[in-house]
Amino acid sequence: MTSLTSGFVKRKRDPSQEIVRPQLTSIIDMMVFLLIFILKTFSTEGNIITPSADLLLPYSASKDKASAALMIEITKQAVLVEGEPVVTLAEMEENDSLLVRPLFSYLEKKVRMVGGEKKERPAIIQCDKNIDFKYLKRILNTCARASYSDFSLLVVQKE
Amino acid sequence: MSFIAQAKQSRVSRLAPEVDLDMTPIMNLFVILVPSLVSIAVFVHIAVISVTLPPAAGAGMGGPKKADLKLTVSVGEPGFVISLGDSLLDSLPKVTGKFDLPGLANSLARIRERLANKDDVVVAVDDGIIFDEVVSAMDAGRQSGFSRVSLAGGAPKKKDKP
């Protein structure tokens, strides 16, 4: 009797086994705000040049866009051309000449490889913001002598 | 409305189940969209400053004409000095150990009005000045209306004699 009727007895629901639906309203609000913020700061242009991780670029009000050119990096330790170390700052300290010989030889080799009679070749210089100008001066002079005289200094755009 | 119709209406509204919107697909969309946008977003905007080197001293015949003279801003340890050829136009010493950049921009804008060459300015930097200060001085030049900024080396740093 008990077994037959037991199937018809209304069982009480165990409150612990009920499906818990979390409140998603606040999380959706947050996602909408995040999406609007990202779309607002979104730039379709992007950057052609990726700044080196070894240096801190200075801030500037300039809005000129960078174009592809020979990349020269001046970090606190060394001078790199297209990511390849050419001369260290300690080596540059050894003499006072405005011409940095290892850099000049490297650039001359590059000019010979590229060929052509172009007089003003473009170069982009990434220089750490805390570097003494005396190094930059010598590098600019060396580049100009190796026919890379169309300089651009890479900076971070001020907001 | 009759009493019966009202009663029917209230019964229908009492029996209508509460509609709980399923937000899961929207959440899925957001979860995919937000990280993908973050990964391709550009937060740091890179720019360039075009610079030229001034022509070598003594280049050309008979020296520069007065109209060709370029305004020179010397950046040194004491501060800024603005000159045209041999004549000193202004000097801006450091203010509490920092370069007076707003003062430089104002002074350059004022001087530019009475110049023949309103496009060129040469920033001559002494040894020992850091690159960040050079960029700030060049910015001040551009801000005051000069479109071509040249970089030149100033006085070399004196070495201590042993």
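For the structure itself, consult the block above.
Residues numbered from 1 in each chain as written. Chains lettered and ligands numbered in written order. Predicted model: local features only at pLDDT ≥ 70, side-chain atom pairs only at ≥ 80, totals over all residues.

A count of helices and strands for chain A gives five helices and six strands. Taken over 159 residues, chain A has a buried fraction of 24%. When contacts within chain A are restricted to residue pairs at least 6 apart in sequence, long-range pairs at least 24 apart make up 73% of them. (Helix = DSSP H or I, 4+ residues; strand = E, 2+ residues; numbered from the N terminus. Buried ≥ 20, exposed ≤ 12 C-beta atoms within 10 Å, placed from the backbone. Contact = placed C-beta atoms within 7 Å.)

In terms of nonpolar packing, the biggest core is built from 51 residues, with Ile125 and Ile139 of chain A together with Val123 and Val134 of chain B touching the most fellow members. Among the elements that take part in this core, helix α4 (residues 131–143) of chain B stands out by supplying six residues, more than any other. Apart from residues no more than four positions distant in its own chain, valine 134 of chain B is found in contact with Phe133 of chain A together with Val75, Val123, Val125 and Ile129 of chain B. (Core = buried A, V, L, I, M, F, W, Y, C linked by C-beta atoms within 7 Å.)

So, about the packing of helix α2 (residues 25–41) of chain A against helix α2 (residues 24–40) of chain B. Where α2 of chain A meets α2 of chain B, the axes come as close as 10 Å, and the angle between the chain directions of the two elements is 30°. The angle between α2 of chain A and α2 of chain B places the two elements in the roughly parallel class. Regarding α2 of chain A and α2 of chain B, the two cross each other, and that crossing is left-handed. Judged by residue contacts, Ile28, Met31, Leu34, Leu35 and Ile38 of chain A of α2 of chain A engage Ile26, Met27, Phe30, Leu33, Val34, Leu37 and Val38 of chain B from α2 of chain B. Classifying every residue of the contact of α2 of chain A with α2 of chain B by side-chain character gives 12 nonpolar, no polar and no charged. (Axes fitted to C-alpha atoms, helices over the stretch in contact; angles between N-to-C directions. Parallel < 35°, antiparallel > 145°, perpendicular 65-115°, else oblique. Left-handed = near helix turned anticlockwise from the far one by under 90°. Nonpolar A, V, L, I, M, F, W, Y, C, P; charged D, E, K, R; others polar.)

This part covers the interface of chain A and chain B. Each partner contributes to the interface: chain A provides 42 residues, whereas chain B provides 34 residues. Per element, the largest residue contribution to the side of chain A that touches chain B is seven residues, and it comes from strand β6 (residues 150–157) of chain A. Across the side of chain A that touches chain B, the residue classes tally to 24 nonpolar, 10 polar and eight charged. Here β6 of chain A pairs with strand β1 (residues 46–51) of chain B via six bridges, running antiparallel. Pairing of valine 156 of chain A across the sheet is with isoleucine 46 of chain B, part of β1 of chain B. (Pairing = 2+ DSSP bridges.)

Take it as geometry only, folks, not as evidence of what the structure does.
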